[in-house]
Amino acid sequence: MALKIQVIEASNPDPQIIKEAARLISKGEVIVCPTDTGYAFATNALDSKAITKVFTLKGRSYFNPIHVAVSSVEQAEKYAYVNKAAEYLAHRFLPGALTLVLSKKEIIPSLLVGGRQTVGVRIPDNKVILDLADVTNLPLTATSANISGTATPYTVQEIVNQLGNWMEQVALVLDQGPLIPIGTSTVVDLTVTPPQIIRNGPVSEQDILEALRLIQNSE
């Protein structure tokens, strides 16, 4: 099967390309799409068969949870319990390279989150994946389009080089061109007290802790 690649503009994604990508996702297919932190495997994060495809493509341990991308806080509330701290951090830093770990709702498959009762939620600063989440009205997997343990890809060629024949399992690639290598998102766990930074990234720990202090002082 020939690899299907669609070139897509970052600031003005073609609605027809988005519509086709959304159709494939809704059918349980896996696509590659850009985010603000590299290219990602995007599929329906509520579909266990589709999620299994992503784990298989990455060679990823099923104990290692996959985060989801949504288009808004309102959409996030369908899948996770969005507390006051999450609302404030979302208002302050999102869309952006920050993942909020929240208590998941029952609709999120256990398979996606390695059996945990939490889910990492992202609102990426990238119009392509935001449009996809909006058009599908689904949470999308937001895990790097790479083999687990290897470098995050910032070009489509890097993905092809890593995956080789496994690219046949990808229904569509949305190619935005080379992405800025800013690193993986900052991850903050808001289900524990006090909140904990699980992974450092573009949004600094200092900025997050300062924002959380402002919340506490306002109460």
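Rules behind the numbers
Residues numbered from 1 in each chain as written. Predicted model: local features only at pLDDT ≥ 70, side-chain atom pairs only at ≥ 80, totals over all residues. Heavy atoms only, no water. Helix = DSSP H or I, 4+ residues; strand = E, 2+ residues; numbered from the N terminus. Rg over C-alpha atoms; globule rule 2.2 N^0.38 Å. Buried < 20%, exposed > 50% of the residue type's maximum accessible area, 1.4 Å probe, protein only. Contact = heavy atoms within 4.5 Å. Areas by Shrake-Rupley, 256 points an atom, 1.4 Å probe, with all protein chains shown as cover. Lys, Arg positive; Asp, Glu negative; His and termini not counted. Charge placed at Lys NZ, Arg CZ, Asp CG, Glu CD. Phe/Tyr/Trp six-rings, centres within 6.5 Å; stacked < 30°, edge-to-face > 60°. Lys NZ or Arg CZ within 6 Å of the ring centre and 35° of its normal. Polar contact = N/O pair within 3.5 Å; in protein donor to acceptor, adjacent residues only side chain to side chain. 1 Å grid on protein atoms, 1.4 Å probe; cavity = no way out; pocket = protein on both sides within 12 Å on 5 of 7 lines; lining within 4 Å. Points joined across faces, edges and corners; volume = space filled by probe spheres on them. Pairing = 2+ DSSP bridges.

Draft legend 1. Geometry of the overall build of the protein chain. Secondary structure assignment for the protein chain yields seven helices and eleven strands. In terms of overall dimensions, the protein chain is globule-like: its C-alpha atoms have a radius of gyration of 17 Å, near the 17 Å expected for 219 residues. C-alpha extents for the protein chain along the principal axes are approximately 55 × 35 × 30 Å. Relative to its full complement of 219 residues, the protein chain shows a buried share of 50%. Pairs at least 24 residues apart make up 67% of the contacts formed inside the protein chain by residues separated by at least 6 positions. As displayed, the protein chain has an accessible area near 10,300 Å², and 50% of this comes from carbon and sulfur atoms. Put simply, the protein chain has 18 plus and 21 minus side-chain charges, and the middle of one group is 6 Å from the middle of the other.

Draft legend 2. Structural context of the packing of aromatic side chains. Within the structure shown, the criterion is met by one aromatic pair. Sitting over the ring of Y81, K105 keeps its end group 5.1 Å from the ring centre.

Draft legend 3. Region of the structure containing the side chain of T143. Within the secondary structure, T143 sits in strand β8 (residues 143-144). When its relative accessible area of 6% is taken as the criterion, T143 is described as buried. At a separation of 3.4 Å, a polar atom in the side chain of T143 contacts the side chain of R60. Discounting chain neighbours no more than four positions away, the residues touching T143 are Y39, A40, F41, V54, K58, R60 and I66.

Draft legend 4. Representation of empty space enclosed by the protein. The final tally for this structure, using the stated rule, is one cavity of 30 Å³ or more. Of the pockets and cavities examined, the largest cavity occupies roughly 70 Å³. Lining the largest cavity are V73, A76, V82, A86, E87, A90, L94, L100, L102, V121 and I123. Listing elements by their share of the lining of the largest cavity, those giving two or more residues are α3 (73-76), α4 (84-93) and β5 (98-103). When residues in the lining of the largest cavity are grouped by element, the largest group, three residues, is from α4.

Draft legend 5. Inspection of the layout of surface pockets at higher detail. The volume enclosed by the largest pocket comes to roughly 590 Å³. Residue lining of the largest pocket: 32 residues in total, with R60, P65, H67, V187 and R199 positioned closest to the centre. Of all the secondary structure elements, the ones that give two or more residues to the lining of the largest pocket are β3 (38-42), β6 (118-122), β8, β10 (186-189) and β11 (196-199).

Draft legend 6. Local environment of the side chain of R122. One can find R122 in strand β6. At 2.9 Å, the side chain of R122 forms a polar contact with the backbone oxygen of G96. Sequence-distant contacts of R122, defined by excluding residues within four places in its chain, comprise T35, D36, T37, V68, A69, V70, G96, A97, L98, T99 and S185.

Draft legend 7. View of the pairing of strand β9 (residues 172-175). Both faces of β9 are covered, namely the face carrying L172 and L174 and the face carrying V173 and D175. Across three bridges, strand β1 (residues 5-7) lies against β9 in parallel orientation. Looking at the pairing, Q6 lines up with L174 of β9. As judged from the two bridges shared by strand β2 (residues 31-35) and β9, these two strands associate in the parallel manner. When the sheet's bridge partners are listed, I31 is paired in β9 with L172.

Draft legend 8. Broad picture of unusual backbone geometry. The residue after L94, namely P95, is reached through a cis peptide bond having omega 0°. Residue placement: P95 occurs in the loop between α4 and β5. Geometrically, the link from T193 to P194 is a cis peptide bond, its omega value of -5° lying close to zero. Following the sequence through the fold, P194 ends up in the loop between β10 and β11. One non-glycine residue, N137, lies in the positive phi region at around 55°. Look at N137 and you get partly exposed, because its relative accessible area is 40%.

This is a description of form; function is not addressed.
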